[in-house]
Amino acid sequence: MHSACNLRRLLVGFFALFSFSLTGVAADAADIADYLPNNSVIHGRVMATAVPQEVDSLTQKFQAAMQNDLEWFQAFFAENGKVHPIPYHPRIGLTEVEFRRYLELVADLKWQKIGAITLTIKHLKNGGIQLLSEGDTSPLNEIRIFPGKGFVETSYGNLNEFSEVSSSNPDGAIGRWSGAQWKKSERVNDKLVAVKLAIGKRTDHGDGIIYYDVKDFTHGVGENYSYVVLYPLQ
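So, here is what we can say about the structure in this document.

What counts as what
- Residues numbered from 1 in each chain as written.
- Predicted model: local features only at pLDDT ≥ 70, side-chain atom pairs only at ≥ 80, totals over all residues.
- Heavy atoms only, no water.
- Axes fitted to C-alpha atoms, helices over the stretch in contact; angles between N-to-C directions.
- Helix = DSSP H or I, 4+ residues; strand = E, 2+ residues; numbered from the N terminus.
- Parallel < 35°, antiparallel > 145°, perpendicular 65-115°, else oblique.
- Left-handed = near helix turned anticlockwise from the far one by under 90°.
- Contact = heavy atoms within 4.5 Å.
- Nonpolar A, V, L, I, M, F, W, Y, C, P; charged D, E, K, R; others polar.
- 1 Å grid on protein atoms, 1.4 Å probe; cavity = no way out; pocket = protein on both sides within 12 Å on 5 of 7 lines; lining within 4 Å.
- Points joined across faces, edges and corners; volume = space filled by probe spheres on them.
- Expected span 1.5 Å × (residues − 1).
- Buried < 20%, exposed > 50% of the residue type's maximum accessible area, 1.4 Å probe, protein only.
- Phe/Tyr/Trp six-rings, centres within 6.5 Å; stacked < 30°, edge-to-face > 60°.
- Pairing = 2+ DSSP bridges.
- Core = buried A, V, L, I, M, F, W, Y, C linked by side-chain atoms within 4.5 Å.

**Topic: the packing of helix α2 (residues 53-68) against helix α4 (residues 96-107)**
One can describe the packing of α2 onto α4 by two numbers: an axis separation of 10 Å at closest approach and a directional angle of 130°. Judged by the inter-axis angle, α2 sits oblique to α4. Where α2 crosses over α4, the handedness of that crossing is left-handed. Across the interface between the two elements, E54, V55, L58, T59 and K61 from α2 touch E98, R101, Y102, L105 and V106 from α4. A breakdown of the residues in the contact of α2 with α4 according to their chemical character gives 5 nonpolar, 1 polar and 4 charged.

Here it is in structure tokens:
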């Protein structure tokens with residue numbers, strides 16, 4: 001699905017999002033009206049990280065290790081998905097010094113606009129909400145949010161684990177924000193699939209954020225990407 005260069009950027013994006021240090025409080029349902037604009041259209045910025053050469057070089061080493069030892073990496077991320085910062089292990093493919101340097105670098109990454117997107121908010125008869133993009137197909141097209149029922153439909157299955165989330169770090173890649181999150185993490189035939197969708201509001205900017213993270217290793221090499229959209233709420 002992705003070129004080697006894009007995969008390296010996606011892996012960097014994964015670690016940068018990992019540094020959000022999100023905290024979650026379990027809840028039964030969500031009212032996401034505060035995180036959507038008053039009209040039925042979202043005019044958003046698709047965001048990605050600017051990757052310095054040093055980060056890219058270290059990511060290539062990490063990527064090579066992951067491709068050669070995919071089963072172990074699946075188990076490692078499944079076990080440490082909620083640990084911050086992620087612990088060091090020699091099988092990551094970096095020395096401990098390189099790994100600490102890598103975490104320092106990605107913690108300082110800032111997200112930049114790589115494109116624009118228009119999403120139409122479609123309210124479904126069964127109470128769901130679907131975001132449909134114009135132009136280039138967005139990963140968000142496949143998603144249906146059921147805020148009153150506490151789950152989200154995706155092509156990877158339903159995300160049934162709901163929580164309220166908050167990132168309180170003003171120096172993080174996106175800054176301080178809070179919102180609602182749905183996720184799942186399971187093994188299918190000993191292969192990991194972990195999917196997360198969060199929608200919220202940035203505290204210091206007043207705009208909305210949608211964060212969609214996919215790690216699906218159930219088919220061959222699998223998919224590993226994060227998709228971030230920022231948009232005005234007015």
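**Considering empty space enclosed by the protein**
Following the criterion strictly, the structure yields 1 cavity of 30 Å³ or more and no others. Reported here for the largest cavity is a volume of approximately 40 Å³. L131, L140, I143, I145, L197, I199 and I210 together form the lining of the largest cavity. A per-class count over the lining of the largest cavity returns 7 nonpolar, no polar and no charged.

**As for α2**
A turn of α-helix holds 3.6 residues, and therefore any two residues three or four places apart point the same way. Over its 16 residues, α2 runs 23 Å from end to end, which matches the ideal 22 Å to within 8%, given 1.5 Å per residue. Listing the buried residues of α2 in full gives V55, D56, L58, T59, F62, Q63, A65 and M66.

**Some remarks on the packing of aromatic side chains**
Counted according to the given criterion, the structure contains 6 aromatic pairs. The interplanar angle of 85° and the centroid separation of 5.5 Å between the aromatic rings of F62 and F73 together place this pair among those described as edge-to-face. With F62 in helix α2 and F73 in helix α3 (residues 70-80), this residue pair connects regions lying 11 residues apart in the sequence. On the basis of relative accessibility, which here comes to 1%, the residue F62 falls in the buried class. Given the relative accessible area of 1%, F73 is considered buried. Put simply, the rings of F62, W72, F73 and F76 pair up and form one aromatic cluster.

**As for the pairing of strand β4 (residues 129-133)**
Two faces belong to every sheet, and in a regular strand the side chains alternate between them. For β4, a buried count of 4 out of 5 residues is recorded, marking the element as mostly surrounded by other parts of the structure. Where strand β3 (residues 111-123) lies against β4, 5 bridges are found, and the strand directions are antiparallel. Of the residues in β4, the one forming a bridge with K122 is Q130. Connecting β3 to the next strand, β4, in antiparallel fashion are 5 residues, including G127 with a positive phi near 95°. Sheet topology places β4 next to strand β5 (residues 144-146); 2 bridges connect them, and they run antiparallel. If you follow Q130 over to β5, its bridge partner there is R144.

**Re the nonpolar core**
Nonpolar side chains in soluble globular proteins tend to be buried together. In this structure, I32, L140, W182, L197, I210 and Y212 are the most contacted members of the largest nonpolar core, which totals 31 residues. Broken down by secondary-structure element, the contributors of at least two residues to this core are β2 (41-49), β3, β4, β9 (177-188), β10 (191-202), β11 (208-216) and β12 (223-231). Excluding its chain neighbours within four sequence positions, the residues that come into contact with I32 are I129, I145, P147, A180, W182 and I199. Core analysis: the next-biggest nonpolar cluster, separate from the first, contains 22 residues, L58, I86, F99 and Y102 among them.

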